[in-house]
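Close look at the chain arrangement
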Amino acid sequence: MADLIIFLTLLALGYFFGRLAESRHYRSIIKREKALARIPAIASKIPSPDLKPQQTVLVTGSVVISVDYFKRFLAGLRNLVGGRVKSYESLVDRARREAVLRMKDQARVKGASLVFNVKLETSSISQGRRENSIGSIEVLAYGTAFIN
Amino acid sequence: MLLTNLEIVPGHRIVKHLGLVQGSSVRAKHVGRDFMAGLKNIFGGELKGYTELLQESRQEAVDRMQEQARAVGANAVLNIRFSTSSVTAGAAELFAYGTAVVLEG
């Protein structure tokens with residue numbers, strides 16, 4: 001009985017705080033994406049020859065985000081029936097956008113006008129308790145900023 | 001030392017190739033951070049301690065790579081790549097590698 005109460009409490013805490021954190025994070029992402037839209041992040045490898053930057057700098061941005069208890073529980077249920085795991089989709093989406101934003105912010109601080117050859121890398125950070133518990137993920141975004 | 005993940009740098013010419021240089025760092029997280037991360041696993045959200053930890057160790061990997069490049073007499077490292085792998089449950093390896101070159105112009 002006590003176990004059940006703890007479980008339900010964790011579920012409720014995860015649901016409320018997780019939703020709050022996610023909507024707050026999305027609001028901040030959208031706001032900062034608008035502010036940083038003037039620094040495009042370009043994924044192509046070879047810069048066009050008419051771009052002659054005075055200086056190039058390596059910029060990086062990284063973030064580690066964890067999923068909440070409620071969503072992890074939902075994903076566990078999803079494992080039984082299969083299909084899209086929406087709770088993890090929003091987690092990786094938030095992490096990627098946040099990492100790109102941090103990279104762009106570093107470029108802005110250095111006075112760059114665009115970021116070239118952007119690469120994204122995702123890795124899951126294991127908590128070590130269970131084999132398949134994808135507790136949290138790290139996303140790293142990096143690229144070369146062109147300063148004119 | 002110029003560090004970039006491009007293969008060519010506009011406005012510069014590669015005069016000498018010095019081969020691959022690399023740097024890595026393996027870090028473990030300490031108990032306090034683990035505890036905070038455990039709480040965050042319930043509420044969700046960013047694990048700031050881990051973000052910082054990984055940033056620090058990635059910087060260390062880059063520093064080591066740069067040191068190696070300096071030792072072979074390069075003035076730039078091109079085509080830098082990062083990779084992360086978890087060695088054991090508590091530790092992660094951050095790895096950076098690139099091509100050391102001498103640039104001119």
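Here's a quick rundown of the structure. What you are looking at is a predicted structure, and each value in this text was computed from that prediction instead of being measured.

Section: the side chain of R58 of chain B
Structurally, the position occupied by R58 of chain B is in helix 2 (residues 48-71). With near-sequence residues (within four places) excluded, R58 of chain B lies in contact with S62, E138 and L140 of chain A together with F82, T84 and L94 of chain B.

Remarks on the sheet that holds strand 4 (residues 76-88) of chain B
All names here are of chain B. The four strands lie next to each other as 1-4-5-2, forming an open sheet whose pairing is mixed. Each edge of the sheet is formed by a strand with only one pairing partner; in this case those strands are strand 1 (2-3) and strand 2 (13-28). Note that strand 1 and strand 4 share two bridges and pair parallel. When the bridges of strand 4 are listed, L2 appears paired with A76. Across the sheet, helix 2 is in contact with strand 1, strand 2, strand 4 and strand 5 (91-104); its angle to strand 2 comes to roughly 145°.

Quick look at the interface of chain A and chain B
Contacts between the two partners involve 43 residues from chain A, matched on the other side by 29 residues from chain B. Carbon and sulfur atoms supply 55% of the area buried between chain A and chain B, which totals about 3,000 Å² over both sides. The largest per-residue losses of area from chain A upon contact with chain B belong to L58, V64 and Y142 of chain A, which jointly make up 18% of the total buried on that side. Summed over the shared surface of chain A and chain B, the number is three salt bridges. Between R102 of chain A and E46 of chain B there is a salt bridge, and its shortest N-O distance comes to 2.9 Å. Linking chain A with chain B are 15 residue pairs in polar contact (both at pLDDT 80 or more). Within the residue set of the side of chain A that touches chain B, elements represented by two or more residues are helix 1 (2-35), strand 1 (55-66), helix 2 (69-81), helix 3 (86-109), strand 2 (114-125) and strand 3 (136-147) of chain A. Of the residues belonging to the side of chain A that touches chain B, the class tally is 19 nonpolar, 15 polar and nine charged. As paired elements, strand 1 of chain A and strand 3 (residues 45-46) of chain B share two bridges and run antiparallel to each other.

Notes on the environment of G23 of chain B
Residue and element names in this part refer to chain B. Topologically, G23 is positioned in strand 2. With relative accessibility at 4%, the residue G23 sits in the buried group. Along the backbone, G23 and V62 are 39 residues apart, and their C-alpha atoms lie at a distance of 6.1 Å. Contacts of G23, omitting those with residues within four sequence positions, involve A61, R64, M65, L94, F95 and A96.

Cut-off values and rules
Residues numbered from 1 in each chain as written. Chains lettered and ligands numbered in written order. Predicted model: local features only at pLDDT ≥ 70, side-chain atom pairs only at ≥ 80, totals over all residues. Heavy atoms only, no water. Helix = DSSP H or I, 4+ residues; strand = E, 2+ residues; numbered from the N terminus. Contact = heavy atoms within 4.5 Å. Pairing = 2+ DSSP bridges. Axes fitted to C-alpha atoms, helices over the stretch in contact; angles between N-to-C directions. Buried area = accessible area lost by both parts, 1.4 Å probe. Salt bridge = Lys/Arg side-chain N within 4 Å of Asp/Glu carboxyl O. Polar contact = N/O pair within 3.5 Å; in protein donor to acceptor, adjacent residues only side chain to side chain. Nonpolar A, V, L, I, M, F, W, Y, C, P; charged D, E, K, R; others polar. Buried < 20%, exposed > 50% of the residue type's maximum accessible area, 1.4 Å probe, protein only.

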